[in-house]
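Examining the three-dimensional arrangement
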Amino acid sequence: MSSRIEQIIEEIEEYVDSCKFQPLSSTKIVVNKEELEELLRELRMKTPDEIKRYQKIISNKDAILADAQTKADAILADAQEKQQKMVEESEVMREAVNQANALMDQAREQARETVDAATEDANNIRMSAISYTDDMLANLEQIMNHATETVGAKYNTFVNSIQSCYDIVSKNRQELSPQTAGTSNYAAAALDEEDEEEE
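Once a new chain begins, its residue numbering starts again from 1 and follows that chain's sequence as written. Given that the model is predicted, a residue must reach a pLDDT of at least 70 before its local features are reported, and side-chain atom pairs must reach 80 or more before they are shown or counted; all residues, however, enter totals for whole chains, interfaces and linings. Neither water nor hydrogens contribute to the side-chain values; these are computed over all heavy atoms in the structure.

Exposure above 30% relative accessible area and no salt bridge define the residues that can form patches, which grow by joining like charges within 9 Å and nonpolar side chains of Val, Leu, Ile, Met, Phe, Trp and Tyr within 5 Å. Exposure was quantified through the Shrake-Rupley algorithm and a 1.4 Å probe, taking into account, for residues, occlusion by the shown protein chains and nothing else. Salt bridges are defined as contacts in which a side-chain nitrogen from Lys or Arg sits within 4 Å of a carboxyl oxygen from Asp or Glu. For the purpose of counting charges, residues Lys and Arg are taken to be positive, whereas Asp and Glu are taken to be negative. His and the chain ends are not included. Every charge is mapped onto a representative atom, which is NZ of Lys, CZ of Arg, CG of Asp or CD of Glu. On the surface, E10, E13, E14 and D17 cluster together into a negatively charged patch. Numbering goes from the N terminus for both helices and strands, where a helix is a DSSP run of H or I of at least four residues and a strand is a run of E of at least two. Counting through the fold element by element, E13 comes out in helix α1 (residues 4-18).

Our next topic: the layout of surface pockets. One simple way to see leftover space: roll a probe sized like a water molecule over the atoms. Think of a 1 Å grid over just the protein atoms. A cavity is a set of points where a 1.4 Å probe fits yet cannot get out, a pocket is an open set with protein on both sides within 12 Å along at least five of seven lines, and lining residues have an atom within 4 Å of a point. Grid points are joined across faces, edges and corners, and a volume is the space filled by probe spheres set on the points. Put simply, the largest pocket is a space of about 1,000 Å³. Taken together, 26 residues form the lining of the largest pocket, with I12, V16, L36, A147 and V151 sitting closest to its centre. Those elements giving two or more residues to the lining of the largest pocket turn out to be α1, α2 (33-89) and α3 (93-176). With 10 residues, the single largest contributor to the lining of the largest pocket is α3.

Turning next to the pattern of salt bridges. For the structure on display, the rule yields 8 salt bridges. Between D67 and K71 there is a salt bridge; the shortest N-O distance is 3.4 Å. In this pair, D67 and K71 are both assigned in helix α2, 4 residues apart and thus about one turn of the helix distant. In this scheme, a residue with accessible area under 20% of its type's maximum is buried, one over 50% is exposed, and one in between is partly exposed, where area comes from a 1.4 Å probe on protein chains only. Taking relative accessible area as the criterion, D67 reaches 40% and is therefore assigned partly exposed. Of the residues examined, K71 reaches a relative accessible area of 46% and is grouped as partly exposed. With a closest N to O distance of 3.5 Å, K85 and E81 form a salt bridge. Residue K85 and its partner E81 are located together in helix α2, separated by 4 residues, close to a single helical turn. Of the residues examined, K85 reaches a relative accessible area of 42% and is grouped as partly exposed.

Our focus in this paragraph is the nonpolar core. Side chains that are nonpolar tend, in soluble globular proteins, to be buried together. If you look at the biggest cluster of nonpolar residues, it comprises 9 residues: I5, I8, I9, I12, Y15, C19, L39, L43 and M136. Elements that contribute at least two residues to this core include exactly α1 and α2. Ranked by the residues each element gives to this core, the list is headed by α1, at 5 residues. What makes two residues a contact is simply this: any of their non-hydrogen atoms within 4.5 Å. Non-local contacts of I12, meaning those with residues more than four positions away in its chain, are made with L36, L39, L40 and L43. Residues belong to one nonpolar core when they are buried, are Ala, Val, Leu, Ile, Met, Phe, Trp, Tyr or Cys, and are joined through side-chain atoms within 4.5 Å.

Further remarks concern α1. For α1, built from 15 residues, the straight-helix expectation of 21 Å at 1.5 Å per residue is met to within 8% by its first-to-last C-alpha distance of 21 Å. Along α1, the residues that are buried comprise I5, I8, I9, I12 and Y15. Along α1, the residues classed as buried sweep out an arc of 125° about the axis, all on the same side. When the buried face of α1 is taken as reference, the exposed residues oriented beyond 90 degrees from it are E14, D17 and S18. Take the residue count of a helix, subtract one, and multiply by 1.5 Å to get its expected span. Relevant arc is that of directions from the helix axis to the C-beta atoms, nothing else.

Encoded structure:
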């Protein structure tokens, strides 16, 4: 099941794809600023929520360990209580002590196994949450990088198209009126300087 962040990113991509091109342009599109800003605002709001959710999963490790320790303490307390009763009630003290010690050893081993198992489960949950969060952020990083590259490429294409149109217009003016060739060359040089400053 995809997260809300992934759904918002897909909605932004679908919205951009559905936008109409500007008149006389095959690269620039017309967007509804409010609609796009609403999607971006929701994306900014949901990102911390997603990260907090995974941090909460990671923090469950402490709860698992605390629960395991509580169970281990209860096992030891029960063993100690049984040991005390066996010592007090048994007529053969040595046998009672031996049985009580064996019970204590068994209880300690069971408590250790419980804590070890809980620690392993908590670490697995933590690693899974970190891995999923990293994958989500890597995917978001890749999408944003791709969007940046695409916008840059479209801008360069647009500038080249304008320059090509300008060259054709300048050439046509020169053919119509050779006397204005010097003025056109001066305007072309000025436009080239403006393009270099913008880049």
